[in-house]
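Each chain is listed here by its residues.
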Amino acid sequence: DCELRKAALWGASMDRDKRRLSGVLSSLSLFCVILDLQLHGLSAANHAEIEGHLEMGRKLLAAGQLAEALTHYHAAVDGDPNNYLTYYKRAAVYLAMGKFRSALPDLSRAIQLKPDFLAARLQRGNILLKQGDVQEARQDFLSVLQSSPNNEEAQSQLERVQEVERNVGGASEAYERRDYYGAIALLEKVIEFSPWDPSARELRAECYLQVGELSNAVQDLKPTTKLRNDNRAAFLKLSKLYYSMGEHGESLSQVRECLKLDQDDKECFSHYKQVKKLSRQLEMAEELIREQRYEDAIEKFEASVKTEPRVEVYSTRAKERICHCLSKSQRTEEAILVCTEAHQRDPQNPLILRDRAEAYILNEEYEKAVEDLLQAKELDGESEEIKEGLERAQKLLKQSKKRDYYKILGVKRNANKQEVIKAYRKLAQQWHPDNFQSEEEKKEAEKKFIDIAAAKEVLTDPEMRQKVDAGEDPLDPENQQGSGHHQQWPFEFNPFGSGNYQFKFNYH
């Protein structure tokens, strides 16, 4: 009985366990069905969302809204990282934005996911060729031709790869034998097919430097700052080139870009300090000129020559500006000397001739002033200032051959009113007719006395003196015809014309 009872109990326990297991299995089966339905729903929703991003990306790309299109393609790639077409489409957006470096990984991923994707291989090969990576580009074009032997684009690009290789080799050989123009011609062809190759541009820039074509070297070096990551060497080289060309502002800008990449770069920082100091001196000097503080400006320009004595362009420019300051401050003799030296250094600069002409005018050397201004006009025929200066100098030259009020009184053109009156009093006393006995001497004295009085009248009257300085004679009847104005002055009659007279000279 005991054994039977044990067997019955064991059987009942087994039945309960079977029923429990059956229930669990039934529940698990139901859970899997529900989970499968949910995952299927999520997959369908996710697929629809990806398709929505792709469609929006396509529309925005067609509308030229590249940044917005890229955002949608990013979302599509995140949603389905195994879709080769999504990578290809995002690469197309990168290329449209000019971000060829970002396009390459997407094209490579698309090829990895679908090795027979010929469009992606062609696109990647084209980018690699433009970068100058000819070995890798060749592999892509050969792969396309293996699958599609008649592919015309792949055949054409493979020929370009071979041409680039030949020209790169030829350019290197030409450079080694110092045939710089020959190397430049070959590199022109290389850069035509590989415009994103920094090494080709760097070699051509070096060739331009060797033949003294600094501007062309700059044009080749500029793109390399973007074609290479952290290209501090290019920024520093550009800065030094601009500095040697006299473009200190641009030099400062380029060396700052170098320091942005690494503020502890010793070479860049050393050059930065030099350029900064010189730029500061030159800027302050120009500001002083604008304030008409010519003596202070001269000191700054002289200091700039001490700061940079080796680069000729800065000492030449300093001479030109000192010439201008001396002319403006009416230091005529010094101005003529410095302007002459500046002209010898830079004979094609019309501003130096203009400033020297002004000094010649102040020195009453009108023929030389006209000569300088004629030459300046040949160099810069559009300058209104030079045209007006020439017209004035020609008038002064013509006037000097008639009646020169400054010469009559023996004063400089920059003499002030007190100096004019002092000279007048001295000469008037000297040539007073009462000082002479013979009739002939008196007539000569009368003439001189009238001229002296006229000169004093004109040069102490601001309006008339301005006309004289512009090359006109305010007392010349020819200049008054048709003007509606007749200048009255107290010496237009001859006080010594007839009979006995008593003339008294009053010092006013």
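Residues numbered from 1 in each chain as written. Predicted model: local features only at pLDDT ≥ 70, side-chain atom pairs only at ≥ 80, totals over all residues. Heavy atoms only, no water.

**Details of the overall build of the protein**
Then step 1. Counting its regular elements, the protein contains 24 helices and zero strands.
Then step 2. Each of the 508 residues in the protein was classed as buried or not, and the buried ones make up 40%.
Then step 3. Contacts spanning at least 24 positions in sequence make up 53% of the contacts within the protein whose residues lie at least 6 apart.
Then step 4. Here the protein has roughly 29600 Å² of accessible surface; of this, 49% comes from carbon and sulfur atoms. (Helix = DSSP H or I, 4+ residues; strand = E, 2+ residues; numbered from the N terminus. Buried < 20%, exposed > 50% of the residue type's maximum accessible area, 1.4 Å probe, protein only. Contact = heavy atoms within 4.5 Å. Areas by Shrake-Rupley, 256 points an atom, 1.4 Å probe, with all protein chains shown as cover.)

**Let's talk about the state of the cysteines**
Then step 1. Taken as a whole, this structure holds two disulfides when the rule is applied.
Then step 2. Each disulfide pairs two cysteine sulfurs, and for Cys 258 the partner residue is Cys 268, the sulfurs being separated by 1.8 Å. Taking the sign of the torsion about the S-S bond as the criterion, the disulfide between Cys 258 and Cys 268, at about 80 degrees, is right-handed. In this pair, Cys 258 sits in helix H12 (residues 248-261) while Cys 268 sits in helix H13 (residues 266-290), placing the two residues 10 residues apart along the sequence.
Then step 3. Cys 258 sits in the buried class, given a relative accessible area of 0%.
Then step 4. What connects to what in the protein, once the bonded cysteines are numbered by sequence position, is 1-2, 3-4.
Then step 5. You can see Cys 325 has no disulfide; the closest cysteine sulfur is in Cys 323, sitting 9.0 Å from it.
Then step 6. Given a relative accessible area of 0%, Cys 325 falls into the buried group. (Disulfide = S-S within 2.5 Å.)

**What to know about the environment of Leu 203**
Then step 1. Mapped onto the fold, Leu 203 is located in helix H9 (residues 198-210).
Then step 2. For the pair Leu 203 and Leu 221, spaced 18 residues apart in sequence, the C-alpha to C-alpha distance is 9.5 Å.
Then step 3. Every residue in contact with Leu 203, bar those within four places of it in the chain, is listed here: Ser 172, Tyr 175 and Leu 187.

**A few points about the layout of surface pockets**
Then step 1. One number sums up the size of the largest pocket: a volume of about 440 Å³.
Then step 2. Along the wall of the largest pocket there are 18 residues; nearest its centre are Ser 327, Lys 328, Glu 358, Ile 361 and Arg 392.
Then step 3. Going through the elements one at a time, helix H15 (312-328), helix H17 (350-362) and helix H19 (384-400) are the ones with two or more residues in the lining of the largest pocket.
Then step 4. No other element matches the six residues that H17 contributes to the lining of the largest pocket. (1 Å grid on protein atoms, 1.4 Å probe; cavity = no way out; pocket = protein on both sides within 12 Å on 5 of 7 lines; lining within 4 Å. Points joined across faces, edges and corners; volume = space filled by probe spheres on them.)

**Details of the packing of aromatic side chains**
Then step 1. Here the structure, examined in full by the defined rule, presents seven aromatic pairs.
Then step 2. Considering the side-chain rings of Trp 431 and Phe 436, the 5.8 Å spacing of their centres and the 20 degrees angle between planes classify their relative orientation as stacked.
Then step 3. Ring pairing ties together the aromatic residues Tyr 84, Tyr 88 and Phe 117, which thus form one cluster.
Then step 4. Here the basic side chain of Lys 448 rests over the ring of Trp 431, its NZ or CZ set 4.8 Å away from the ring centre. (Phe/Tyr/Trp six-rings, centres within 6.5 Å; stacked < 30°, edge-to-face > 60°. Lys NZ or Arg CZ within 6 Å of the ring centre and 35° of its normal.)

**What to know about the packing of helix H14 (residues 294-307) against H15**
Then step 1. At a minimum axis distance of 9 Å, the contact between H14 and H15 shows a crossing angle of 165 degrees. Looking at the two axes, H14 sits roughly antiparallel to H15. Seen from above, H14 lies across H15 with left-handed handedness. Seen from H14, the contacting residues are Tyr 294, Ala 297, Ile 298, Phe 301, Glu 302, Ser 304 and Val 305; seen from H15, they are Ser 315, Ala 318, Arg 321, Ile 322, Cys 325, Leu 326 and Lys 328.
Then step 2. In terms of residue class, the contact of H14 with H15 is built from nine nonpolar, two polar and three charged. (Axes fitted to C-alpha atoms, helices over the stretch in contact; angles between N-to-C directions. Parallel < 35°, antiparallel > 145°, perpendicular 65-115°, else oblique. Left-handed = near helix turned anticlockwise from the far one by under 90°. Nonpolar A, V, L, I, M, F, W, Y, C, P; charged D, E, K, R; others polar.)

**Some remarks on the UniProt feature "coiled-coil region" (unreviewed entry) in the protein**
Then step 1. What UniProt calls "coiled-coil region" (unreviewed entry) maps, in this numbering, to residues 376-403.
Then step 2. From the first C-alpha to the last, residues 376-403 spans 28 Å; its make-up is 75% helix and 0% strand. (UniProt positions renumbered as here; feature names shortened; annotations may be inferred.)

**Focus: unusual backbone geometry**
Then step 1. The phi torsion at Arg 178 lies on the positive side, around 65 degrees, for a residue other than glycine.
Then step 2. The class of Arg 178 is exposed, set by a relative accessible area of 66%.
Then step 3. For Gln 292, which is not glycine, the phi torsion reads 65 degrees and is therefore positive.
Then step 4. Mapped onto the fold, Gln 292 is located in the loop between H13 and H14.

**Some details on the confidence of the model for the protein**
Low pLDDT means the predicted atomic positions in that stretch should not be read closely.
Then step 1. Taken residue by residue, the protein gives an average pLDDT of 86. The fraction at 70 or more is 85%.
Then step 2. Contacts for the low-pLDDT stretch residues 37-42, under 50 throughout, to residues beyond four places or in other chains number zero contacts.
Then step 3. Low pLDDT (under 50) marks residues 482-508, which in the prediction has 36 contacts with non-local residues, meaning those over four places away or in another chain. (pLDDT = per-residue confidence, 0-100.)

**Some details on the side chain of Asp 404**
Then step 1. Structurally, Asp 404 is set in the loop between H19 and helix H20 (405-409).
Then step 2. Buried within the structure, Asp 404 lacks any salt-bridge partner; its nearest side chain of opposite charge belongs to Arg 413, at an N-O separation of 4.5 Å. (Lys, Arg positive; Asp, Glu negative; His and termini not counted. Salt bridge = Lys/Arg side-chain N within 4 Å of Asp/Glu carboxyl O.)

**A look at the environment of Leu 351**
Then step 1. The topology assignment puts Leu 351 in helix H17.
Then step 2. Separated by 25 residues in sequence, Leu 351 and Ala 376 have C-alpha atoms that sit 7.4 Å apart.

**Structural notes on the environment of Asn 83**
Then step 1. Assignment of secondary structure puts Asn 83 in the loop between helix H2 (66-79) and helix H3 (84-96).
Then step 2. Here the alpha-carbon distance between Asn 83 and Leu 113, two residues 30 residues apart in the chain, equals 7.6 Å.
Then step 3. One polar contact links the side chain of Asn 83 to the main-chain amide nitrogen of Leu 85, over a distance of 3.0 Å. (Polar contact = N/O pair within 3.5 Å; in protein donor to acceptor, adjacent residues only side chain to side chain.)

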